[in-house]
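Residues per chain, in single letters:
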Amino acid sequence: MVRSLTTSDADTTRQLDGSAYLVRAITRAADVLDCIQHSAGGASLNELVERSGLTKPTVFRMVRNLEHTGLVERVPGRDLYRLGLRCVELGQAYLQQVDYRREALPVLERLRDSYNETVHLAVLDDNLRVVYLEKLEGKHAIGIMMSRVGGSAPAYCTGLGKALLAAREDDPVARLERDGELVPKTPNTICDPHDLRAELHRIRGRGYSLDLEEHEVGVRCVAATIHDSGGRVAGALSIAGPAQRLPEDLLSGELADAVVKAAHEISRRLGSPQAHERL
């Protein structure tokens, strides 16, 4: 049997849209945390009362409970409160649970819609191959493009792969050469180790990579890397299309700017410190 809400219940909960309920104590605690978050070096009890609009006894109870849970801590030697270590732990847990593809998808869709060309999202696997996480076809997609979600391609001859290889701190070219992977896919494939290292160096300097029909004849692309909350490379995105629609000056100009900007936006959504430094 479902009991009716008492006056006490009504005082602590508020119905929304006829089905969901907010607990007043929790929303007030969130308000207090928000006030502390925006304080410089901590906030006093009186400051929290003024900023939150709550009574002093209410704020005192909130702070004591938040302090007990580790969400708030007292500044040593001062009557000020700041966010506690628990907030850091929760923030890191959130970032670790963020779905990389989910965060990237709205940005990829805007990029696809802006240029009507195919957009990819990919990561680098342990075998130095690109694995496609997402592929959004442009309105004028071409059938010769072999990429597919879940599929893979050699990194050394794709825009996505070269961007990811260039971001590594080791020497991936030496491994590719040792394993006999540097084989031509088209007449434009860079297979010479010295030339490939020089290409990766150029990519690091300019912040984006180009695929000038190096993986598939007739297909070109521009790509840039995405960074996660720890500053590590999480993956890369690209714009790809037929060579006749993507001349090199367009790839290295407007499209490169758009790809780098989109990669930066996704990095920011993932909490990348590099992205915030550029704001």
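This report concerns the structure included in the present document. From a predicted model like this one, the values you see are computed outputs, not experimental measurements. (Residues numbered from 1 in each chain as written. Predicted model: local features only at pLDDT ≥ 70, side-chain atom pairs only at ≥ 80, totals over all residues. Heavy atoms only, no water.)

**Let's talk about the packing of helix α7 (residues 159–166) against helix α9 (residues 193–206)**
Filter applied, for reference: To obtain each axis, a line is fitted to C-alpha atoms, and for helices this fit is confined to the stretch in contact; angles are then taken between N-to-C directions over 0 to 180 degrees. Secondary structure follows DSSP: runs of H or I at least 4 residues long count as helices, runs of E at least 2 residues long count as strands, and numbering of each begins at the N terminus. Oblique is the label for every angle not falling under 35 degrees (roughly parallel), over 145 degrees (roughly antiparallel), or within 65 to 115 degrees (roughly perpendicular). Residue contacts are defined here by distance: any two heavy atoms, one from each residue, within 4.5 Å place the two residues in contact.
At a minimum axis distance of 9 Å, the contact between α7 and α9 shows a crossing angle of 80°. Considering the angle they form, α7 stands roughly perpendicular to α9. For the pair formed by α7 and α9, the contact residues are Lys-162, Ala-163, Leu-165 and Ala-166 on the first element and Glu-199, Leu-200, Ile-203 and Arg-204 on the second.

**Quick look at the packing of helix α3 (residues 45–52) against helix α4 (residues 56–69)**
Worth spelling out the cut-off: Two helices cross in a left-handed way if the nearer one is turned anticlockwise from the farther one by less than a right angle. They cross in a right-handed way if the turn is clockwise. Charged means Asp, Glu, Lys or Arg here, nonpolar means Ala, Val, Leu, Ile, Met, Phe, Trp, Tyr, Cys or Pro, and polar covers whatever is left, Gly included.
Contact pair α3 / α4: the axes reach a minimum separation of 9 Å and the direction vectors enclose 115°. Relative to α4, the element α3 lies roughly perpendicular. Along this stretch, α3 crosses α4, giving a crossing that reads as right-handed. Taking contact as the criterion, the partners of Leu-45, Asn-46, Leu-48, Val-49 and Ser-52 in α3 are, on α4, Lys-56, Val-59, Phe-60 and Val-63. For the contact of α3 with α4, the residue count by class is 6 nonpolar, 2 polar and 1 charged.

**Quick notes on the environment of Ala-25**
Rules: The rule is simple: take the accessible area with a 1.4 Å probe, protein chains only, and divide by the maximum for that residue type; under 20% is buried, over 50% is exposed, in between is partly exposed.
Counting through the fold element by element, Ala-25 comes out in helix α2 (residues 24–37). Ala-25 gets classed as partly exposed once you look at its relative accessible area, which sits at 40%. Sequence separation between Ala-25 and Met-62 is 37 residues; the distance between their C-alpha atoms is 8.1 Å.

**Section: the nonpolar core**
Put simply, the rule is: Working definition of a nonpolar core: buried Ala, Val, Leu, Ile, Met, Phe, Trp, Tyr and Cys residues. They are joined through side-chain atoms within 4.5 Å.
Leu-108, Leu-111, Val-222, Ile-226, Leu-237 and Ile-266 are the most contacted members of the largest nonpolar core, which totals 26 residues. Here this core takes 8 residues from helix α10 (residues 248–269), the largest share from any one element. Beyond its immediate sequence surroundings of up to four residues, Leu-108 is in contact with Val-119, His-120, Leu-121, Glu-134, Leu-136, Leu-237 and Ile-266. In terms of nonpolar packing, the next biggest core, distinct from the first, is built from 22 residues, Ala-155, Leu-196, Leu-200 and Ala-223 among them.

**Some remarks on the pattern of salt bridges**
Let me state the cut-off plainly: Only one rule defines a salt bridge in this text: a Lys or Arg side-chain nitrogen within 4 Å of an Asp or Glu carboxyl oxygen.
Taken as a whole, this structure holds 18 salt bridges when the rule is applied. The shortest N-O distance in the salt bridge between Arg-74 and Asp-79 comes to 3.5 Å. Residue Arg-112 is joined to Asp-113 by a salt bridge in which the shortest nitrogen-to-oxygen separation is 2.6 Å. According to the relative accessible area criterion, Asp-113 is partly exposed, its value standing at 46%. Via salt bridges that share partners, Lys-162, Glu-199, Arg-202 and Glu-214 belong to a single interconnected network.

So far we have only geometry, and geometry alone does not tell us how the molecule works.
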